[in-house]
Amino acid sequence: MTEEFIDINEEKATDKTIKSEARAIKHIERVLKEDKTVHLKDWLINKDNRNGLIGYLKDNSNLSTRQITAILGVNRNIVQRVKR
């Protein structure tokens, strides 16, 4: 009897580039610097900017909805409604 194993790359499913709130904040600061915006609140007024950043954080971090809400200072429902 021969045994065969299927290699599953579980690392990709759990590998997120942003692993903490501190890294998320650094990423946000880098985005703001690239866009030459002084304040996060001013940048988040633009719906496309806001939703893009929320989607990025959802896809590339292990942060919860509450953590993203706290970092960005937006309503929890806004974070929940953004599609990945």
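Residues numbered from 1 in each chain as written. Predicted model: local features only at pLDDT ≥ 70, side-chain atom pairs only at ≥ 80, totals over all residues. Heavy atoms only, no water.

### Description of the overall build of the protein chain
Move 1: From N to C terminus, the protein chain includes six helices and zero strands.
Move 2: Ordered by position from N to C terminus, the α and β elements of the protein chain give α-α-α-α-α-α.
Move 3: Relative to its full complement of 84 residues, the protein chain shows a buried share of 31%.
Move 4: Intrachain contacts of the protein chain at a sequence separation of at least 6 include 59% that bridge at least 24 residues. (Helix = DSSP H or I, 4+ residues; strand = E, 2+ residues; numbered from the N terminus. Buried < 20%, exposed > 50% of the residue type's maximum accessible area, 1.4 Å probe, protein only. Contact = heavy atoms within 4.5 Å.)

### A look at the nonpolar core
Move 1: The biggest cluster of nonpolar side chains holds 19 residues, and the ones touching the most others in it are I28, L57 and L72.
Move 2: Counting residues per element, the ones that place at least two in this core are helix 2 (21-34), helix 3 (40-44), helix 4 (47-60), helix 5 (65-72) and helix 6 (76-81).
Move 3: Excluding residues within four positions of it along the chain, I28 makes contact with L40, L53, L57, I71 and L72. (Core = buried A, V, L, I, M, F, W, Y, C linked by side-chain atoms within 4.5 Å.)

### Quick notes on the confidence of the model for the protein chain
Low pLDDT marks regions whose predicted coordinates should not be analysed in detail.
Move 1: For the protein chain, the mean per-residue pLDDT works out to 82, and 82% of the residues sit at or above 70.
Move 2: When pLDDT is averaged over each element of the protein chain, helix 6 comes out on top at 95 and helix 1 (residues 10-14) at the bottom at 47.
Move 3: Within the model, pLDDT remains below 50 along residues 8-13, and this stretch shows zero contacts once partners closer than five positions in the same chain are excluded. (pLDDT = per-residue confidence, 0-100.)

### A look at the environment of R50
Move 1: Relative to the helices and strands, R50 resides in helix 4.
Move 2: Take R50: its relative accessible area is 16%, and that puts it in the buried class.
Move 3: Look past the residues within four positions of R50 in its chain and what remains in contact with it is L44, V74 and I78.

### A short note on the pattern of salt bridges
Move 1: The final tally for this structure, using the stated rule, is one salt bridge.
Move 2: Of the charged contacts, one joins R30 and E34 as a salt bridge, the two residues approaching to 3.7 Å between their closest N and O atoms. Within this pair, R30 and its partner E34 are both found in helix 2, separated by four residues, close to a single helical turn.
Move 3: Classification of R30 by relative accessible area gives partly exposed; the value is 44%. (Salt bridge = Lys/Arg side-chain N within 4 Å of Asp/Glu carboxyl O.)

### Looking at helix 2
Move 1: Over its 14 residues, helix 2 runs 20 Å from end to end, which matches the ideal 20 Å to within 8%, given 1.5 Å per residue.
Move 2: Those residues of helix 2 that sit buried are A24, H27, I28, V31 and L32. Burial along helix 2 is one-sided: seen end-on, the buried residues are contained in an arc of 135°. Exposed side chains of helix 2 directed beyond 90 degrees from the buried face belong to A22, K26, K33 and E34.
Move 3: Turning to helix 2, the residues buried within the fold contact helix 3, helix 4 and helix 5.
Move 4: Just past helix 2, the residue K36 takes up positive phi, approximately 55°. (Expected span 1.5 Å × (residues − 1). Arc of directions from axis to C-beta.)

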